[in-house]
Protein chains: 2
Amino acid sequence: MARPREFDETAVLDAATDLFWNRGFEASSIRDLAARMGLTTASIYNAYGDKRALYKRVLERYASAALGSCASGLACGASGMEAIESFFLSLANATAAEPERKGCLIVNAGLESAPHDAQFKQIVADVFRQLETLFHDCAARGQIDGSVTRSQSAEDIARLLLGTMLGLRVLARTRPEPALLAGIARATTALLRP
Amino acid sequence: MARPREFDETAVLDAATDLFWNRGFEASSIRDLAARMGLTTASIYNAYGDKRALYKRVLERYASAALGSCASGLACGASGMEAIESFFLSLANATAAEPERKGCLIVNAGLESAPHDAQFKQIVADVFRQLETLFHDCAARGQIDGSVTRSQSAEDIARLLLGTMLGLRVLARTRPEPALLAGIARATTALLRP
DNA sequence: TGTGTTTTCGAACGCTCGTTCTATAATGGC
DNA sequence: GCCATTATAGAACGAGCGTTCGAAAACACA
């Protein structure tokens with residue numbers, strides 16, 4: 001009943017994600033976004049509303065992909081400990097091998113989003129909460145199968161793992177040195193053994 | 001030999017720090033800064049150069065104060081373990097009690113500063129390196145006095161403590177819940193005991 | 001084949017940005 | 001008391017920002 005869109009939504013959102021990920025919200029201009037997405041600014045406004053709405057869309061898309069990937073990673077492994085260990089080791093390795101030092105879009109957004117109202121912080125906090133739950137289930141599984149220490153509650157272990165992961169994500173952007181990242185992963189997993 | 005400055009440098013830099021801390025570099029305009037600092041924009045340019053130079057000045061001033069505070073905190077305590085424990089507990093408590101959710105200026109700067117050249121990232125990385133050294137010395141002290149486990153090297157423990165602290169700082173801005181912060185501090189210290 | 005709807009395009013809107021200019025005010029050394 | 005020097009004040013600069021507009025283009029359905 002009307003003229004159809006000419007662009008591929010996946011490619012366009014990937015391009016927007018890339019720019020926001022590298023530069024953050026404030027430093028990404030609509031014109032830069034349009035150039036990378038292969039659209040005019042008017043098309044962006046027609047399709048997504050305004051800059052904040054596009055950012056929200058990008059954030060939520062990234063968050064759901066990232067959470068899915070973490071969930072499947074933490075569900076693998078013969079034991080809870082193995083899942084945690086391979087999760088952190090592969091996170092450290094992937095971080096060290098990433099040349100752009102982009103870190104994690106959610107963490108970047110969480111630290112930038114002081115002024116832009118509470119909506120973005122809410123998204124970030126929700127992702128962190130779900131991550132904490134994933135870690136909790138994995139730690140509890142490890143305590144049941146005997147691979148994870150019972151000296152701390154599964155709740156506290158989950159909190160610690162969340163904090164450690166966020167620390168890794170900070171270092172991914174600021175000091176992505178293999179020895180540093182691997183050391184964190186190594187010490188974390190080693191200290192969690194019974 | 002010339003007209004003297006009318007403003008108090010400490011108060012003026014404190015005000016600039018506060019705005020950068022809350023909003024980040026990009027979202028802090030020179031006019032906002034001038035208003036908070038009680039100066040005209042021309043005075044800022046006369047005294048500090050340009051916006052980047054002012055930011056660098058603020059960053060370095062904050063970094064040296066923060067590092068000094070961490071160093072003196074980690075030097076206290078009857079044992080290495082006590083120093084680490086009180087350091088993380090008071091960090092968690094202070095974070096939970098801070099209503100503005102500003103987090104840490106250095107961490108915020110490190111995650112925002114992708115575009116602004118390598119100079120800011122260098123400052124951030126240096127602070128993290130010095131923090132790692134402080135943690136290392138404290139962990140080594142604890143291993144000597146028997147309060148800290150020898151199951152991991154002091155190097156890896158220092159890396160882990162750096163990562164955990166950065167994670168706490170991320171959560172300070174995004175999810176400053178007392179139970180979460182205290183749980184991280186509690187688990188970290190508990191797992192480091194011999 | 002026309003009609004209605006939506007997308008695209010490029011130019012334009014008003015605003016704020018970082019920065020600079022001009023003029024004036026305030027000092028210390030002669 | 002004058003002069004060189006520096007700080008202040010406020011207006012102004014060009015550039016870029018987020019956003020919108022009017023017209024042209026492309027489809028679905030009658």
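Each remark here, short or long, concerns the structure printed above.
**A closer look at unusual backbone geometry**
Link 1 in the chain: At Arg 101 of chain A, a residue that is not glycine, the phi angle is positive and equals roughly 55°.
Link 2 in the chain: Within the secondary structure, Arg 101 of chain A sits in the loop between helix H5 (80-97) and helix H6 (105-112).

**Description of the layout of surface pockets**
Link 1 in the chain: Estimated volume of the largest pocket: approximately 560 Å³.
Link 2 in the chain: The wall of the largest pocket is formed by 30 residues, among which Ala 66, Ser 69, Cys 70, Leu 91 and Arg 169 of chain A lie closest to the centre.
Link 3 in the chain: For the lining of the largest pocket, the secondary-structure elements that each account for two or more residues are helix H1 (9-23), helix H4 (51-75), H5, H6, helix H7 (118-145) and helix H8 (154-174) of chain A.
Link 4 in the chain: The greatest single-element share of the lining of the largest pocket, amounting to nine residues, is contributed by H4 of chain A.
Link 5 in the chain: As for the second largest pocket, its lining consists of 20 residues, of which Ala 66, Ser 69, Cys 70, Met 165 and Arg 169 of chain B are closest to the centre.
Link 6 in the chain: Elements with a contribution of two residues or more to the lining of the second largest pocket: helix H4 (51-75), helix H5 (80-97), helix H6 (105-112), helix H7 (118-145) and helix H8 (154-174) of chain B.
Link 7 in the chain: When grouped by side-chain class, the residues that make up the lining of the second largest pocket number 16 nonpolar, three polar and one charged.

**What about the interface of chain B and chain A?**
Link 1 in the chain: Contacts between the two partners involve 44 residues from chain B, matched on the other side by 45 residues from chain A.
Link 2 in the chain: Both sides together, the interface formed by chain B and chain A hides about 3800 Å², and carbon and sulfur atoms give 68% of it.
Link 3 in the chain: Broken down residue by residue, the surface that chain B buries against chain A is led by Leu 111, Arg 175 and Leu 191 of chain B, which jointly contribute 19%.
Link 4 in the chain: Put simply, chain B and chain A have six salt bridges between them.
Link 5 in the chain: Salt-bridge contacts for Arg 129 of chain A lead to Glu 177 of chain B; the nearest nitrogen and oxygen are separated by 2.9 Å.
Link 6 in the chain: Applying the counting criterion to the chain B and chain A interface returns 10 residue pairs in polar contact (both at pLDDT 80 or more).
Link 7 in the chain: Only H6, H7, H8 and helix H9 (178-191) of chain B provide two or more residues apiece to the side of chain B that touches chain A.
Link 8 in the chain: In terms of residues, the side of chain B that touches chain A owes the most to one element, H8 of chain B, which gives 12 residues.
Link 9 in the chain: Within the side of chain B that touches chain A, the residues separate by chemical class into 20 nonpolar, 12 polar and 12 charged.

**Description of the relation of the copies chain B and chain A**
The operation relating the two chain copies consists of a rotation about an axis and a shift along that axis.
Link 1 in the chain: Mapping chain B onto chain A calls for a screw motion: a turn of 180° about the axis and a shift of 0.0 Å along it, with 0.0 Å RMSD after fitting. Considering both components of the superposition, the chain copies are consistent with a two-fold axis. For chain B, the minimum C-alpha distance to the rotation axis belongs to Gly 167 of chain B and amounts to 2.1 Å.
Link 2 in the chain: A high fraction, 100%, of the interface residues of chain B reappear at the interface in chain A, so the copies pair face to face through one surface.

**Some details on the pattern of salt bridges**
Link 1 in the chain: By the definition in use, this model includes 28 salt bridges over all chains.
Link 2 in the chain: Note that Glu 100 of chain A is salt-bridged to Lys 102 of chain A, the shortest N-O span being 3.7 Å.
Link 3 in the chain: Among the residues examined, Glu 100 of chain A registers a relative accessible area of 42% and is labelled partly exposed.
Link 4 in the chain: Residue class for Lys 102 of chain A comes out buried when judged on its relative accessible area of 8%.
Link 5 in the chain: As a salt-bridge pair, Asp 126 of chain B and Arg 129 of chain B come within 3.8 Å of each other at their nearest N and O atoms. With Asp 126 of chain B and Arg 129 of chain B both in helix H7 and three residues apart, this pair spans about one turn of that helix.
Link 6 in the chain: Among the charged side chains, a network of salt bridges with common partners joins Asp 126, Arg 129, Glu 132, Asp 156 and Arg 159 of chain A together with Arg 175, Glu 177 and Arg 186 of chain B.

Calculation rules
Residues numbered from 1 in each chain as written. Chains lettered and ligands numbered in written order. Predicted model: local features only at pLDDT ≥ 70, side-chain atom pairs only at ≥ 80, totals over all residues. Heavy atoms only, no water. Helix = DSSP H or I, 4+ residues; strand = E, 2+ residues; numbered from the N terminus. 1 Å grid on protein atoms, 1.4 Å probe; cavity = no way out; pocket = protein on both sides within 12 Å on 5 of 7 lines; lining within 4 Å. Points joined across faces, edges and corners; volume = space filled by probe spheres on them. Nonpolar A, V, L, I, M, F, W, Y, C, P; charged D, E, K, R; others polar. Contact = heavy atoms within 4.5 Å. Buried area = accessible area lost by both parts, 1.4 Å probe. Salt bridge = Lys/Arg side-chain N within 4 Å of Asp/Glu carboxyl O. Polar contact = N/O pair within 3.5 Å; in protein donor to acceptor, adjacent residues only side chain to side chain. Least-squares fit on C-alpha atoms with pLDDT ≥ 70 in both. Buried < 20%, exposed > 50% of the residue type's maximum accessible area, 1.4 Å probe, protein only.

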